[in-house]
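What follows is each chain in one-letter form.
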Amino acid sequence: EIYTIVKSVVFDDVSIDSSLENVILNGSGLEKLSRLTIRDKEGEGEEHVNLLDERLIATPAVAVARATEVTAAMADISCRALYDSLSLFESFDPKVADSVRELEGKADMYEDALGSYLVKVSSEDLDSADSKQITKLLHIIGDFERISDHAVNIVESAEEMRDKKFEFSEKAQGELAVMREAVH
C-alpha cells in the first residue's frame, strides 16, 4: 500500500511523450540496451543505480524518468527495511537484523548516486515539469534514506529488548502488527 502511494507521488507529475514513455516503461530498445550495457557488478540493487547512465543526461526527460524509476526501487528497499525491522519485535532473527543493516547501506548508496545524478541533470536545459520532478526527487530520496535509518534504529531497539528480555504488551504487539501491515 505504501509503495502504491509513493509511486503515485513520484510518478504523477511526470509529463513525458507517450512514445518516450513506451521506451522507458515498456522495456523497448533503450531499456534493453542499457540493461545489457550496464551490468550489475556487486549485487542486487546496484543494477538500478547503474541504470543512472551519464549518457542519458543529454536528454533530460529520459534522465529524469530514469531517476524516477531508480527512486521507486529505493522506496522499495526502504519499505522492506522498515517492514523487516518491525518483524524483529515479534520474533528476533539476527539474519533479519543484518539484512536490515544491509538494506540501509543500499539506501545510502542510492541516495548518494541519485543526488549526484539529479544535480547533474538539473544543470541541463529543463522544462518546468522536469525541474519540478527533480526537486521532488531530491526531497524524497532524503526521506527514503531516513526511513532506512529509522529501520536500523528499530533493529537496535529490538536487540536491546531481546538482551534485556523485555516484551511488549499484547496491545502494543497488536499496534506493531497494524504498523507493519501499513508498511507492507
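## With respect to the pattern of salt bridges
- Across all of its chains, the model carries seven salt bridges by this definition.
- A salt bridge links aspartate 53 to arginine 55; its shortest N-O distance comes to 2.5 Å.
- A salt bridge links aspartate 143 to arginine 146, with the nearest nitrogen and oxygen atoms 3.0 Å apart. Taken together, the positions of aspartate 143 and arginine 146, both in helix α7 (residues 128-163) and three residues apart, correspond to about one turn of that helix.
- Classification of aspartate 143 by relative accessible area gives partly exposed; the value is 36%.
- Of the residues examined, arginine 146 reaches a relative accessible area of 44% and is grouped as partly exposed.

## Quick word on the nonpolar core
- Core analysis: the largest hydrophobic core is formed by 33 residues, its most contacted members being Ala67, Met74, Tyr110, Leu114, Tyr117 and Val121.
- Contacts of methionine 74, omitting those with residues within four sequence positions, involve Ala107, Tyr110, Glu111, Leu114, Ile141, Phe144 and Glu145.
- Of all hydrophobic cores here, the second largest spans seven residues; its members include Cys79, Tyr83, Leu86 and Ile154.

## Comments concerning the environment of aspartate 112
- By secondary structure assignment, the location of aspartate 112 is in helix α6 (residues 94-122).
- On the basis of relative accessible area, aspartate 112 is assigned to the exposed category, the value being 52%.
- Along the chain, aspartate 112 and isoleucine 141 lie 29 residues apart, while their C-alpha atoms are 9.2 Å from each other.

## Some thoughts on the packing of helix α5 (residues 60-87) against α7
- Close contact between α5 and α7 brings their axes to 9 Å; oriented N to C, the two are set at 20°. Taken together, the axis directions place α5 and α7 in an arrangement best described as roughly parallel. The handedness of the crossing between α5 and α7 is left-handed.
- Here the residues of the contact of α5 with α7 are counted per class, giving 18 nonpolar, six polar and two charged.

## Here we look at the packing of α5 against α6
- Following both chains from N to C, one finds α5 and α6 inclined at 160°, their axes separated by 9 Å at the closest point. Considering the angle they form, α5 stands roughly antiparallel to α6. In this structure, the crossing between α5 and α6 has a hand that is left-handed.
- Looking at the contact of α5 with α6, its residues break down into 18 nonpolar, five polar and four charged.

## Some thoughts on the packing of aromatic side chains
- Overall, the coordinates contain one aromatic pair when judged by the stated rule.
- Centre to centre, the rings of phenylalanine 89 and phenylalanine 168 are 5.0 Å apart; their planes meet at 70°, and the pair counts as edge-to-face. Taken together, the positions of phenylalanine 89 in the loop between α5 and α6 and phenylalanine 168 in the loop between α7 and α8 (170-183) put the pair 79 residues apart, joining distant regions of the chain.
- Judged by relative accessible area, phenylalanine 89 falls into the partly exposed class, the value being 21%.

## What to know about unusual backbone geometry
- Even without being glycine, lysine 165 reaches a positive phi, approximately 55°.
- Summarising the element assignment, lysine 165 is placed in the loop between α7 and α8.

## Side note on the confidence of the model for the protein
- Per-residue confidence for the protein averages 81 on the pLDDT scale, and 73% of its residues sit at or above 70.
- This model gives residues 13-42 a pLDDT under 50, and the stretch forms 41 contacts once residues within four places in sequence are excluded.

Analysis parameters
- Residues numbered from 1 in each chain as written.
- Predicted model: local features only at pLDDT ≥ 70, side-chain atom pairs only at ≥ 80, totals over all residues.
- Heavy atoms only, no water.
- Salt bridge = Lys/Arg side-chain N within 4 Å of Asp/Glu carboxyl O.
- Helix = DSSP H or I, 4+ residues; strand = E, 2+ residues; numbered from the N terminus.
- Buried < 20%, exposed > 50% of the residue type's maximum accessible area, 1.4 Å probe, protein only.
- Core = buried A, V, L, I, M, F, W, Y, C linked by side-chain atoms within 4.5 Å.
- Contact = heavy atoms within 4.5 Å.
- Axes fitted to C-alpha atoms, helices over the stretch in contact; angles between N-to-C directions.
- Parallel < 35°, antiparallel > 145°, perpendicular 65-115°, else oblique.
- Left-handed = near helix turned anticlockwise from the far one by under 90°.
- Nonpolar A, V, L, I, M, F, W, Y, C, P; charged D, E, K, R; others polar.
- Phe/Tyr/Trp six-rings, centres within 6.5 Å; stacked < 30°, edge-to-face > 60°.
- pLDDT = per-residue confidence, 0-100.

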